Amino acid sequence: MAIRKIARMGHPVLRRPTTAVSDVSDPEIQRLIADMKETLADAQGVGLAAPQVYATSAVLMFFVPPSRAVGDANEDGVPLTVLINPEIEPIGDEQVGGWEGCLSIPGLQGYVPRWQRIRYRGLDETGASIEREAEGFHARVVQHEYDHLRGVLYPERMTDMTRFGFAEELMRHPMGEPTNAD
């Protein structure tokens, strides 16, 4: 296992769609997953996608800490989940805004609209099928990481660039949630 360097916004690897994994048991894929786990832990993030560590395979991982699951169906959080060749679909039409950051865009945050509820499916690191419904932060982190597999970064999802800035400044001068007038 190794901690890999994280690609930053501007590197072309983050703009390219990934390639489906044909053999989950391939030693290169298993090494990638192990390295991604170590890199995610070292970076103290909640999600990571293969392009962020300069890989082109359709692999992402995430977890939801209990502190971020408040009000979600699974209030105990979601343990570290590896998702290979994922597919997602919205459940309903409701979108909600929320603040997001990204390991590939260090120090910045933006207010991003996402589907409130989704269904996702794919394979875990052993090749077993996963299919789940998610809402709230769980749905947000899956959508964020899935976007990386499609070559999309969260600022491209933003609808109001006045809600994009350095996390340190946003903490000092909070913008809060938008109102109906926003």
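Relevant structure appears above.
Now for a quick tour of the structure.

Rules used in this analysis
Residues numbered from 1 in each chain as written. Predicted model: local features only at pLDDT ≥ 70, side-chain atom pairs only at ≥ 80, totals over all residues. Heavy atoms only, no water. Helix = DSSP H or I, 4+ residues; strand = E, 2+ residues; numbered from the N terminus. Rg over C-alpha atoms; globule rule 2.2 N^0.38 Å. Buried < 20%, exposed > 50% of the residue type's maximum accessible area, 1.4 Å probe, protein only. Contact = heavy atoms within 4.5 Å. Lys, Arg positive; Asp, Glu negative; His and termini not counted. Charge placed at Lys NZ, Arg CZ, Asp CG, Glu CD. Expected span 1.5 Å × (residues − 1). Core = buried A, V, L, I, M, F, W, Y, C linked by side-chain atoms within 4.5 Å. Pairing = 2+ DSSP bridges. Axes fitted to C-alpha atoms, helices over the stretch in contact; angles between N-to-C directions. Polar contact = N/O pair within 3.5 Å; in protein donor to acceptor, adjacent residues only side chain to side chain.

Quick word on the overall build of the chain
Okay, step 1: From N to C terminus, the chain includes three helices and eight strands.
Okay, step 2: Going residue by residue from the N terminus, the α and β elements of the chain occur as α-β-β-β-β-β-β-β-α-β-α.
Okay, step 3: Relative to a compact globule of 182 residues, whose C-alpha radius of gyration would be 16 Å, the chain shows 16 Å and is just as compact.
Okay, step 4: Principal axes of the C-alpha set define a box for the chain whose edges measure 50 × 35 × 25 Å.
Okay, step 5: Out of the 182 residues belonging to the chain, those deemed buried represent 45%.
Okay, step 6: Of the contacts formed within the chain by residues at least 6 apart in sequence, a portion of 65% connects residues at least 24 apart.
Okay, step 7: For the chain, the distance from the average position of its 18 positive side-chain charges to the average position of its 27 negative side-chain charges is 5 Å.

Overview of helix α2 (residues 136-149)
In an α-helix, one turn spans 3.6 residues; hence positions three or four apart end up facing the same way.
Okay, step 1: With 14 residues, α2 should reach 20 Å at 1.5 Å per residue; the first-to-last C-alpha distance of 21 Å fits that figure.
Okay, step 2: Burial analysis of α2 places 14 of its 14 residues in the buried class, which makes it a mostly covered element.
Okay, step 3: Of the residues one or two after α2, G151 is the one with positive phi, at around 80°.

A word on the nonpolar core
Okay, step 1: Counting 18 residues, the largest nonpolar core has L60, F62, V64, I118, Y120, V141 and V142 as its most contacted members.
Okay, step 2: Those elements giving two or more residues to this core turn out to be β2 (59-64), β3 (78-90), β6 (117-123), β7 (129-135) and α2.
Okay, step 3: Of the residues forming this core, the biggest block, six residues, is contributed by α2.
Okay, step 4: Setting aside residues up to four positions removed in sequence, I118 forms contacts with I88, E89, P90, I91, R132, E133, A134, A139, V142 and Q143.
Okay, step 5: I33, A50, A55 and M61 belong to the second-largest nonpolar core, a separate cluster that totals 15 residues.

Quick look at unusual backbone geometry
Okay, step 1: Unusually for a residue other than glycine, Q44 sits at a positive phi of about 60°.
Okay, step 2: Along the chain, Q44 turns up in the loop between α1 (27-43) and β1 (47-49).
Okay, step 3: By relative accessible area, which is 72% here, Q44 ends up exposed.
Okay, step 4: Of note, N85 is a non-glycine position whose phi angle comes to about 50°, a positive value.
Okay, step 5: For N85, the location among the structural elements is in strand β3.

Some remarks on the sheet that holds strand β8 (residues 164-166)
Okay, step 1: In spatial order, the strands read β4-β5-β8; together these three strands make up an open sheet with antiparallel pairing. The open sheet terminates on both sides in strands that have one partner only, identified here as β4 (95-101) and β8. Put simply, the sheet's adjacent strands are angled 30° from each other on average, direction ignored.
Okay, step 2: Those strands touched by α2 are β4 and β5 (108-115), and its axis lies near 105° from that of β5.

Notes on the sheet that holds β2
Okay, step 1: In space, the five strands of this open sheet follow the order β1-β2-β3-β6-β7, with antiparallel pairing throughout. The sheet terminates laterally at β1 and β7, the two strands that pair on one side only. Strand-to-strand twist in this sheet, taken as the mean axis angle between neighbours without regard to direction, amounts to 40°.
Okay, step 2: Summarising the sheet, β1 and β2 pair through three bridges and their orientation is antiparallel. Pairing of A49 across the sheet is with L60, part of β2.
Okay, step 3: α1 contacts β1, β2 and β3 of the sheet and is inclined by roughly 35° relative to β2.

Remarks on α1
Okay, step 1: Taking 1.5 Å of rise per residue, 17 residues should cover 24 Å, and α1 covers 24 Å from first to last C-alpha, within 8% of that figure.
Okay, step 2: Those residues of α1 that fall on the buried side of the exposure criterion are I29, L32, I33, A34, D35, M36, T39 and L40.
Okay, step 3: Buried-residue contacts for α1 involve β1, β2 and β3.
Okay, step 4: By the N-cap criterion, in which a side-chain oxygen at the helix start approaches the backbone nitrogen of a residue two or three places on, α1 is capped by D26, the distance to E28 being 2.7 Å.
Okay, step 5: Backbone geometry just downstream of α1 places Q44 in the positive-phi region, at approximately 60°.

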